Amino acid sequence: MAEPGSVEEMRSRVVLGEFGVRHVHTTDFPGSYPGYTDAWDPVTFRQGFHVDVTHMDEGLLEFDLVGIDAAIANAFRRILLAEVPTMAVEKVFVYNNTSIVQDEILAHRLGLIPIQADPRLFEYRSQGDEEGTEIDTLQFQLKIKCSRNPRAAKESSDPNELYINHKVYSRHMTWVPLGNQADLFPDACFRPVHDDILIAQLRPGQEIDVLMHCVKGIGKDHAKFSPVATASYRLLPDITLLQPIEGEAAEKLKKCFSPGVIEIQDIKGKKVARVANARLDTFSREIFRHEELKNMVRLARVRNHYIFSVESTGILPPDVLVSEAIRVLMGKCQRFLDELDSVPTD
């Protein structure tokens, strides 16, 4: 454990004080501290670096990334947001739209609907290509018309009973194979990720008839291509009790933190506070409102321990998104090395 005020605390902890944050900047580079070389070494890096998955389901992945610099962690986050490709609606051909939703607004809404299609199966569309082919384009059709329900009760005022197809949902979008896509993807089920996204509302006689072209793109070009709802990280909390806290003070301390962070133990008839799970804390700094407690606790974060949270939009599983982001980062590194090799040396 990094002792308060020690060199190790300065090197490995970001300390949250009452009026500011200390040790924010990374200082573990050669020459910063006597007795520490801090020269980058691949063996030392491999020993200290590890990834621990703490939670994973079909839409959310949480994992710990330990032993890297903030610049690399942030690059990884930005790649997840902006450089992992997906398929999204790019062109909307409006054949008929008599709804109250303008063509431009309708096209914008359609573009933001996540499409369940593996982008690795497709190529990027060539610049200036308006038609699209089976290797770079997915085609969807939305054709629906609202009519009155002849079986509706005369006294009814419920639109759900009075009208048929008066709500246009994403499930009404159907895949129309281009070229030989039906043969290329015989088992594919290209469709919107969610079936219940409301696109527009119609009244009898109104209809929408559009054709959509989905292409491969990245979030850096438009947010609709971003594969994640959120991709964020936070530093691992580190809470240290500087002295024993007992009795009513222990109860008050427990209320200053998120549930599960502090627990009360009964030791020889006394209530004694201890840190149960610092990871759960959100660092509200409520502790600094209590004069009798604020000097008994040190709030800090571990500088090189990142808790990543990746929430997918459903286009690809979050673990696949992380793998693709790693591939993109490796490609960037390789291009940089290639550029260095191409520079002439005297």
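Let me begin by describing the structure that accompanies this report.

Rules of the game
Residues numbered from 1 in each chain as written. Predicted model: local features only at pLDDT ≥ 70, side-chain atom pairs only at ≥ 80, totals over all residues. Heavy atoms only, no water. Pairing = 2+ DSSP bridges. Helix = DSSP H or I, 4+ residues; strand = E, 2+ residues; numbered from the N terminus. Contact = heavy atoms within 4.5 Å. Axes fitted to C-alpha atoms, helices over the stretch in contact; angles between N-to-C directions. Patch = residues over 30% accessible without salt bridge, like charges linked within 9 Å, V, L, I, M, F, W, Y side chains within 5 Å. Areas by Shrake-Rupley, 256 points an atom, 1.4 Å probe, with all protein chains shown as cover. Salt bridge = Lys/Arg side-chain N within 4 Å of Asp/Glu carboxyl O. Buried < 20%, exposed > 50% of the residue type's maximum accessible area, 1.4 Å probe, protein only. Polar contact = N/O pair within 3.5 Å; in protein donor to acceptor, adjacent residues only side chain to side chain. 1 Å grid on protein atoms, 1.4 Å probe; cavity = no way out; pocket = protein on both sides within 12 Å on 5 of 7 lines; lining within 4 Å. Points joined across faces, edges and corners; volume = space filled by probe spheres on them. Nonpolar A, V, L, I, M, F, W, Y, C, P; charged D, E, K, R; others polar. Expected span 1.5 Å × (residues − 1). Arc of directions from axis to C-beta.

## Things to note about the sheet that holds strand β5 (residues 86-97)
In space, the four strands of this open sheet follow the order β5-β14-β7-β11, with antiparallel pairing throughout. What marks the edges here is a single partner per strand, and that holds for β5 and β11 (174-175). Note: β5 against strand β14 (residues 207-217), 10 bridges, orientation antiparallel. Bridging from a neighbouring strand, A88 pairs with V215 of β14. Docked against the sheet, helix α4 (residues 103-111) engages β5, β7 (138-145) and β14, running at close to 150 degrees with respect to β5.

## Observations regarding a nonpolar patch on the surface
On the surface, F336, L337 and L340 cluster together into a nonpolar patch covering about 310 Å² of accessible area. By the element assignment, L340 lies in helix α8 (residues 318-342). Note on L340: relative accessible area 46%, which makes it partly exposed.

## Points about unusual backbone geometry
Although it is not a glycine, H23 sits at a positive phi angle of roughly 60 degrees. Note that H23 resides in the loop between β2 (21-22) and α2 (42-48). H23 sits in the partly exposed class, given a relative accessible area of 23%. Positioned with a positive phi, K268 is a non-glycine residue whose angle comes to about 55 degrees. Structurally, K268 is set in the loop between β16 (262-267) and β17 (270-275).

## Focus on the environment of T98
On the secondary structure map, T98 appears in the loop between β5 and α4. The exposure class assigned to T98 is partly exposed, which follows from its relative accessible area of 38%. On a C-alpha basis, the gap between T98 and R335 in space is 50 Å, while along the polypeptide they are 237 residues apart. Ignoring anything within four residues of it in the chain, the contact list for T98 reads G205, Q206 and E207. Within the structure, the side chain of T98 is placed 2.8 Å from the backbone nitrogen of E207, a separation counted as a polar contact.

## A short note on the pattern of salt bridges
Within the structure shown, the criterion is met by 17 salt bridges. Taking the shortest distance from any N to any O, the salt bridge between R279 and D64 comes out at 2.7 Å. Placement of R279 in the loop between β17 and β18 (297-312) and of D64 in strand β4 (residues 60-66) is noted, with a sequence separation of 215 residues between them. As far as the burial class goes, R279 and D64 line up, both buried. Here E83 makes a salt bridge to K332, at a shortest N to O gap of 3.0 Å. Here K332 lies in helix α8 and E83 lies in the loop between α3 (70-82) and β5, a separation of 249 residues in the sequence.

## Some points on the layout of surface pockets
Each pocket or cavity is described by its volume, and for the largest pocket that value is around 1400 Å³. Residue lining of the largest pocket: 38 residues in total, with W40, F45, G67, I68 and D69 positioned closest to the centre. When residues of the lining of the largest pocket are traced back to their parent elements, those giving at least two are α1 (7-12), α2, β3 (50-56), β4, α3, β18 and α8. Across the lining of the largest pocket, the residue classes tally to 23 nonpolar, eight polar and seven charged. For the second largest pocket, the calculated volume is near 330 Å³. For the second largest pocket, the lining is made up of 14 residues, of which E90, R125, S126, Q127 and V215 are closest to its centre. Of all the secondary structure elements, the ones that give two or more residues to the lining of the second largest pocket are β5 and β14. The element best represented in the lining of the second largest pocket is β14, accounting for three residues.

## A look at α3
Here α3 spans 18 Å end to end across 13 residues, near enough to the 18 Å set by a 1.5 Å rise per residue. If you check which residues of α3 are buried, you get A73, F76, I79 and L80. End-on, the buried residues of α3 take up no more than an arc of 125 degrees, which puts them together on one face. When the buried face of α3 is taken as reference, the exposed residues oriented beyond 90 degrees from it are A71 and R78. Those residues of α3 hidden inside the fold are in contact with β4, β15 (228-241), β18 and α8. For α3, the capping residue at the N-terminal end is D69, with a side-chain oxygen 3.1 Å from the backbone nitrogen of A71.

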